[in-house]
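An overview of the molecular structure
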Amino acid sequence: MKANNTPKSMRLHIGIFGKRNAGKSSVTNIITHQDTSIVSAKAGTTTDAVEKTMEMLPIGSVVIIDTAGIDDTGSLGKERVKKSQKVSDRTDAAIIVCDGEGWNKYEFELAEKFNKNNIPIIAVINKSDIKQPDKTVIDKISEKVNSVIVTSAKTDKKLAEKIREALIRCVPDSFINPPAILEGIVKKEDTVILVTPIDKEAPKGRLILPQVNVLRELLDNNCITVVVTEKQLSNSLKALKKPPKCVITDSQAFKEVSEIVPESIPLTSFSILFARLKGDLKTFYDGAKQIDNLKDGDKILICESCTHHPIEDDIGRVKIPNLLKKKTGKKLVFENVSSHEFPTDIEKYKLIVHCGGCMTNRREILSRINKSREKNVSVTNYGIAISYCLGICERAMKPFFK
Ligand SMILES: Nc1nc2c(ncn2[C@@H]2O[C@H](COP(=O)(O)OP(=O)(O)OP(=O)(O)O)[C@@H](O)[C@H]2O)c(=O)[nH]1
Ligand SMILES: [Mg+2]
């Protein structure tokens, strides 16, 4: 598979971290076989995360992210450190680069975070042409990581190969064989109806990513796939000789679709399929039940992974807040964040409603779920919250909890 054929969010994200001048950008350029990042003797050369997508067999397509030094100082430096920390939230495998002096608190703290989240770490002890690390240095680092590579980015011609091998040994199987979106729901050659409303929010001339991903998976499985707007759903059901194996709808048309599709036909949404693929379905389902406990003045955070210009009837800014207000009858306060932004003071929220996350990777959403769990904040998903407010959540979840 070519790198460009895999959606970015499904690619293994490899973050490269370390103190300033450790050789992070040199290692990045060696892995990517090109001048992806600027290398210089001046500490603090890399000031913003630099991303490069590439093909790394047999893992497939990966995103290499070079970062700014984790030991940067001053007000601007601190901002850079924050950015590097954000990259760590979406890192599936970490490479921590240091010189022969080894690690200090910066690397140990970072490694602690990765260890806690089961994220594999490869330690690259660089600049061995200047200083070979002591055995005690290597031993201390080894305790915290999956592999240690002692090397020199200047002289080691086999470094890219060594890193690749170390990655293959430690990355989760799921990245080498990504799970199917429709696992357990659809089998080869089944008939499936996809409902994709063409409303104001639908991008001109295109389908949105979850729809495209699901459609592609159905075609890969030789399924008979009927794609309609909600207006033709009833006619499509009548036109089929046998009922479809399931109906998958855009969450925004849930109500209408649930009224048309007979109870005997499994029904769910693109967003809920992605909630399972990218997050943790059970946590999101439990989170939705918190909706009933909301009180006047409660704050709700709406998280969207992509950045788009809010439109008149925006799902995160208008539709979901309206549904929640209607369902609870309470005066709720909504805040919205998008892209890689995620507040640190999440304890002030009663509920977090996250989008399906088609534009981000699973690691980032799991990391947000973890943070919410640590602070006892309930978290749910767009599709699940919508179905809950409409009173059809049980039905939409049934295909997953058979
Ligand atoms: N001698 C020697 N120098 C190296 C090695 N690796 C990198 N360097 C040099 O160390 C300096 C810093 O390298 P970079 O790759 O820019 O380091 P960095 O960690 O990206 O640095 P910042 O972006 O400033 O945080 C450059 O002058 C490199 O040429 C090595 O293995 N041996
Ligand atoms: Mg750099």
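Everything quoted here is computed from the prediction, not taken from an experiment.

**Quick notes on the site of ligand 1**
In the vicinity of ligand 1, 23 residues are found, and the nearest of them are Gly23, Lys24, Ser25, Ser26 and Thr46. If one sorts the elements of the shell around ligand 1 by residue count, helix 1 (residues 24-32) sits on top with three residues. Looking at the shell around ligand 1 residue by residue, the classes come out as six nonpolar, twelve polar and five charged.

**A word on the pairing of strand 5 (residues 121-125)**
Burial of strand 5 is extensive: five of the five residues sit out of reach of the surface. What you see with strand 5 is no split at all: Ile121, Ala123 and Ile125 on one side and Ile122 and Val124 on the other are buried throughout. Where strand 4 (residues 93-98) meets strand 5, five bridges bridge the pair, whose relative direction is parallel. Considered in strand 5, the bridge of Cys98 is made with Ile125. With helix 3 (residues 105-116) bridging strand 4 and the parallel strand 5, this β-α-β connection has right-handed handedness. Across four bridges, strand 5 lies against strand 6 (residues 147-150) in parallel orientation. From the neighbouring strand, Ala123 faces strand 6, where its bridge partner is Val148. With respect to chirality, the unit in which strand 5 leads through helix 4 (residues 135-142) into the neighbouring parallel strand 6 is right-handed.

**Overview of the domain arrangement of the chain**
Once the domains are mapped, the chain shows domain 1 (3-176), domain 2 (191-272) and domain 3 (279-394). Domain 1 and domain 3 are separated by 32 Å when their C-alpha centres are compared. Every contact between the two is made by eight residues of domain 1 and, on the other side, nine residues of domain 3. Considering only residue class, the side of domain 1 that touches domain 3 consists of no nonpolar, four polar and four charged.

**Concerning the sheet that holds strand 13 (residues 351-354)**
Pairing within the open sheet is parallel, and its four strands lie in the order 12-11-13-14. The outermost strands of the open sheet, each flanked by one partner alone, are strand 12 (333-338) and strand 14 (378-381). Across the sheet, the mean angle separating the axes of adjacent strands is 20 degrees when strand polarity is ignored. Contacting strand 13 and strand 14, helix 14 (residues 382-389) crosses the sheet at an angle of about 90 degrees to strand 14.

**Regarding the pairing of strand 13**
Here strand 13 shows a buried face lined by Leu351 and Val353 and a second buried face lined by Ile352 and His354. Taken together, the four bridges between strand 11 (residues 299-304) and strand 13 define a ladder with parallel strand orientation. Residue pairing in the sheet places Ile300 in a bridge with Leu351 of strand 13. Following the chain from strand 13 across helix 13 (residues 362-374) to the adjacent parallel strand 14, one finds a crossover that is right-handed.

**What about unusual backbone geometry?**
Of note, the phi angle at His33 is positive, near 55 degrees, even though the residue is not glycine. With phi around 60 degrees, Lys127 is a residue other than glycine that occupies positive phi space. Overall, the presence of 23 C-beta atoms within 10 Å leaves Lys127 in the buried class.

**Examining the environment of Cys358**
The topology assignment puts Cys358 in the loop between strand 13 and helix 13. Exposure remark for Cys358: the 23 C-beta atoms within 10 Å place this residue in the buried category. Expressed as a C-alpha distance, the spacing of Cys358 and Phe274, which sit 84 residues apart in the sequence, is 6.8 Å.

**Let's talk about the confidence of the model for the chain**
Detailed reading of predicted coordinates is not advised where the pLDDT is low. Per-residue pLDDT for the chain has a mean of 91; in total, 96% of the residues score no lower than 70. Contacts of residues 1-5 to residues separated by more than four positions or lying in other chains number eight contacts, the stretch itself having pLDDT below 50.

Criteria and cut-off values
- Residues numbered from 1 in each chain as written.
- Chains lettered and ligands numbered in written order.
- Predicted model: local features only at pLDDT ≥ 70, side-chain atom pairs only at ≥ 80, totals over all residues.
- Near = placed C-beta within 6 Å.
- Helix = DSSP H or I, 4+ residues; strand = E, 2+ residues; numbered from the N terminus.
- Nonpolar A, V, L, I, M, F, W, Y, C, P; charged D, E, K, R; others polar.
- Buried ≥ 20, exposed ≤ 12 C-beta atoms within 10 Å, placed from the backbone.
- Pairing = 2+ DSSP bridges.
- Right-handed = clockwise from strand over helix to strand, strands pointing away.
- Domains from an automatic or database assignment.
- Contact = placed C-beta atoms within 7 Å.
- Axes fitted to C-alpha atoms, helices over the stretch in contact; angles between N-to-C directions.
- pLDDT = per-residue confidence, 0-100.

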